[in-house]
Amino acid sequence: VALFLPWCQSRGGHIIVDFFTARAAPATRRRLDAIGAALLAAVFLMLAWRVAVGVADMKANGETSMLLAFPTWITYLLLVPALALSGANGLYMAWSHWRQARAREDGTE
(Lines give C-alpha, C1' and ligand atoms only; values in the text may rest on other atoms or scores of the structure.)
Protein backbone atom coordinates (compact mmCIF):
# COMPACT_ATOMS: atom_id res chain seq x y z
CA VAL A 1 0.00 0.00 0.00
CA ALA A 2 2.78 2.43 0.88
CA LEU A 3 4.29 2.10 -2.60
CA PHE A 4 1.17 3.69 -4.07
CA LEU A 5 1.83 6.91 -2.15
CA PRO A 6 4.62 8.21 -4.44
CA TRP A 7 2.64 7.18 -7.52
CA CYS A 8 -0.41 9.05 -6.24
CA GLN A 9 1.73 12.11 -5.46
CA SER A 10 3.30 12.17 -8.92
CA ARG A 11 -0.12 11.90 -10.59
CA GLY A 12 -1.60 14.69 -8.43
CA GLY A 13 -4.02 12.23 -6.88
CA HIS A 14 -3.95 13.47 -3.30
CA ILE A 15 -6.99 15.39 -2.09
CA ILE A 16 -6.77 19.11 -2.77
CA VAL A 17 -9.27 21.56 -1.31
CA ASP A 18 -9.22 24.48 -3.73
CA PHE A 19 -12.13 26.46 -2.32
CA PHE A 20 -9.92 29.42 -1.41
CA THR A 21 -7.56 29.19 -4.38
CA ALA A 22 -10.02 28.59 -7.24
CA ARG A 23 -9.80 32.22 -8.35
CA ALA A 24 -6.09 32.65 -7.67
CA ALA A 25 -3.61 33.14 -10.47
CA PRO A 26 -2.08 29.94 -11.90
CA ALA A 27 1.37 30.95 -10.66
CA THR A 28 -0.01 31.42 -7.14
CA ARG A 29 -1.67 28.01 -7.25
CA ARG A 30 1.60 26.45 -8.45
CA ARG A 31 3.49 28.07 -5.59
CA LEU A 32 0.94 26.81 -3.08
CA ASP A 33 1.17 23.35 -4.65
CA ALA A 34 4.96 23.55 -4.30
CA ILE A 35 4.65 24.45 -0.61
CA GLY A 36 2.16 21.62 -0.07
CA ALA A 37 4.41 19.11 -1.83
CA ALA A 38 7.41 20.28 0.23
CA LEU A 39 5.46 19.86 3.47
CA LEU A 40 4.28 16.44 2.35
CA ALA A 41 7.89 15.50 1.53
CA ALA A 42 9.00 16.62 4.99
CA VAL A 43 6.32 14.48 6.63
CA PHE A 44 7.17 11.42 4.53
CA LEU A 45 10.90 11.77 5.18
CA MET A 46 10.27 12.16 8.90
CA LEU A 47 8.04 9.06 8.84
CA ALA A 48 10.71 7.08 6.98
CA TRP A 49 13.29 8.08 9.59
CA ARG A 50 11.06 7.22 12.56
CA VAL A 51 9.93 3.90 11.06
CA ALA A 52 13.59 3.01 10.46
CA VAL A 53 14.36 3.81 14.12
CA GLY A 54 11.37 1.70 15.16
CA VAL A 55 12.54 -1.20 12.99
CA ALA A 56 15.95 -1.12 14.64
CA ASP A 57 14.28 -1.11 18.05
CA MET A 58 11.97 -4.01 17.14
CA LYS A 59 14.89 -6.04 15.83
CA ALA A 60 17.00 -5.33 18.91
CA ASN A 61 14.16 -6.41 21.18
CA GLY A 62 13.42 -9.55 19.16
CA GLU A 63 9.76 -8.57 18.74
CA THR A 64 7.63 -11.24 17.03
CA SER A 65 3.99 -11.70 16.10
CA MET A 66 1.80 -13.37 18.70
CA LEU A 67 0.50 -16.35 16.73
CA LEU A 68 3.24 -17.20 14.24
CA ALA A 69 6.28 -15.84 16.10
CA PHE A 70 7.26 -14.07 12.87
CA PRO A 71 9.71 -11.16 13.33
CA THR A 72 7.57 -8.01 13.01
CA TRP A 73 10.49 -5.79 12.10
CA ILE A 74 10.64 -7.34 8.61
CA THR A 75 7.19 -6.09 7.63
CA TYR A 76 7.90 -2.60 8.96
CA LEU A 77 11.24 -2.55 7.15
CA LEU A 78 9.34 -2.74 3.86
CA LEU A 79 7.73 0.62 4.66
CA VAL A 80 11.00 2.54 4.88
CA PRO A 81 11.91 2.57 1.15
CA ALA A 82 8.32 3.41 0.18
CA LEU A 83 8.16 6.33 2.60
CA ALA A 84 11.60 7.56 1.54
CA LEU A 85 10.57 7.36 -2.12
CA SER A 86 7.41 9.32 -1.30
CA GLY A 87 9.55 11.98 0.36
CA ALA A 88 11.92 12.18 -2.59
CA ASN A 89 8.98 12.36 -4.98
CA GLY A 90 7.45 15.14 -2.88
CA LEU A 91 10.69 17.12 -3.16
CA TYR A 92 10.72 16.60 -6.92
CA MET A 93 7.07 17.67 -7.22
CA ALA A 94 7.74 20.77 -5.10
CA TRP A 95 10.66 21.70 -7.36
CA SER A 96 8.57 21.02 -10.45
CA HIS A 97 5.63 23.15 -9.28
CA TRP A 98 7.95 25.97 -8.26
CA ARG A 99 9.75 25.85 -11.61
CA GLN A 100 6.43 25.93 -13.48
CA ALA A 101 5.27 28.92 -11.43
CA ARG A 102 8.51 30.75 -12.25
CA ALA A 103 8.23 29.88 -15.94
CA ARG A 104 4.66 31.12 -16.05
CA GLU A 105 5.70 34.31 -14.29
CA ASP A 106 8.62 34.87 -16.71
CA GLY A 107 6.45 34.03 -19.72
CA THR A 108 8.71 31.14 -20.77
CA GLU A 109 6.15 28.39 -20.28
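Residues numbered from 1 in each chain as written. Predicted model: local features only at pLDDT ≥ 70, side-chain atom pairs only at ≥ 80, totals over all residues. Heavy atoms only, no water.

J.: I'm lost on the layout of surface pockets in this one. Help?
T.: Unoccupied space between atoms shows up once a probe the size of one water molecule is rolled over them. Within this model, the largest pocket holds a volume of roughly 460 Å³. Broken down by secondary-structure element, the contributors of at least two residues to the lining of the largest pocket are helix H2 (26-61) and helix H4 (79-106). Residue contributions to the lining of the largest pocket peak at eight residues, all from H2. When the residues that make up the lining of the largest pocket are grouped by side-chain class, the tally is eight nonpolar, seven polar and four charged. (1 Å grid on protein atoms, 1.4 Å probe; cavity = no way out; pocket = protein on both sides within 12 Å on 5 of 7 lines; lining within 4 Å. Points joined across faces, edges and corners; volume = space filled by probe spheres on them. Helix = DSSP H or I, 4+ residues; strand = E, 2+ residues; numbered from the N terminus. Nonpolar A, V, L, I, M, F, W, Y, C, P; charged D, E, K, R; others polar.)

J.: Before we go on, may I ask you to explain H2 in this structure?
T.: Because an α-helix packs 3.6 residues into every turn, residues spaced three or four apart end up facing the same way. The end-to-end C-alpha distance of H2 is 52 Å, a good match for the 52 Å that 36 residues give at a rise of 1.5 Å each. Looking only at H2, the buried set comprises Ala 27, Ala 34, Ala 37, Ala 41, Phe 44, Ala 48, Val 51, Val 55 and Met 58. Structurally, H2 contributes buried residues whose contacts are with helix H1 (4-10), helix H3 (72-77) and H4. Of the residues trailing H2, Gly 62 is marked for its positive phi of about 70°. (Expected span 1.5 Å × (residues − 1). Buried < 20%, exposed > 50% of the residue type's maximum accessible area, 1.4 Å probe, protein only. Contact = heavy atoms within 4.5 Å.)

J.: Would you take a moment to explain the packing of aromatic side chains for this structure?
T.: Centre distance and the angle of the planes are the two values used to describe a pair of aromatic rings. Taken as a whole and assessed by the stated rule, the structure comprises three aromatic pairs. Geometrically, the ring pair formed by Phe 4 and Trp 7 is edge-to-face, given 6.2 Å between the ring centres and 75° between the ring planes. Note that Phe 4 and Trp 7 are positioned in helix H1 at a spacing of three residues, about one turn of the helix. Trp 7 carries the same exposure label as Phe 4, and that label is exposed. The aromatic ring of Trp 98 is capped on one face by Arg 31, whose charged end is 5.5 Å from the ring centroid. Taking NZ or CZ as reference, Arg 50 lies 4.8 Å from the ring centre of Trp 49, over its face. (Phe/Tyr/Trp six-rings, centres within 6.5 Å; stacked < 30°, edge-to-face > 60°. Lys NZ or Arg CZ within 6 Å of the ring centre and 35° of its normal.)

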